[in-house]
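Spelled out from the first residue to the last, the chains are:
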Amino acid sequence: MADDPFELGERAARENIPAEANPFAEGTEEFALWAAGHERIATAVEASESEG
């Protein structure tokens, strides 16, 4: 089974892959899910860095 686009976005953010690298076609549900996953992790990482 293929990975969920949301999970792929989360993984990309953990690996410091920029949001612009979204592999899905803009305007698709997969694009939105990938972006949401990426944003979730990127926001958490930024928050933890600003606390330190």
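Let us look at the structure shown here.

Conventions we followed
Residues numbered from 1 in each chain as written. Predicted model: local features only at pLDDT ≥ 70, side-chain atom pairs only at ≥ 80, totals over all residues. Heavy atoms only, no water. Helix = DSSP H or I, 4+ residues; strand = E, 2+ residues; numbered from the N terminus. Buried < 20%, exposed > 50% of the residue type's maximum accessible area, 1.4 Å probe, protein only. Arc of directions from axis to C-beta. Contact = heavy atoms within 4.5 Å. Salt bridge = Lys/Arg side-chain N within 4 Å of Asp/Glu carboxyl O.

1. Focus: the side chain of Glu 10
Thought 1: For Glu 10, the position within the fold is in helix α1 (residues 5-14).
Thought 2: For Glu 10, a relative accessible area of 7% translates into the label buried.

2. Observations concerning α1
Thought 1: Taken residue by residue, α1 has Pro 5, Gly 9, Glu 10, Ala 12 and Ala 13 as its buried positions. For α1, the arc enclosing every buried residue in end-on projection is 160°, short of the 170-degree limit, so these residues lie on one face.
Thought 2: Looking at the buried residues of α1, the elements they touch are α2 (29-51).

3. Some words on the pattern of salt bridges
When charged atoms on two side chains of opposite charge get close, those side chains can pair.
Thought 1: The tally for this structure, following the rule as stated, stands at 2 salt bridges.
Thought 2: A salt bridge links Arg 11 to Asp 3, with the nearest nitrogen and oxygen atoms 3.3 Å apart.
Thought 3: When its relative accessible area of 36% is taken as the criterion, Arg 11 is described as partly exposed.
Thought 4: Judged by its relative accessible area of 39%, Asp 3 falls in the partly exposed class.

Purely geometric numbers; function is a separate question.
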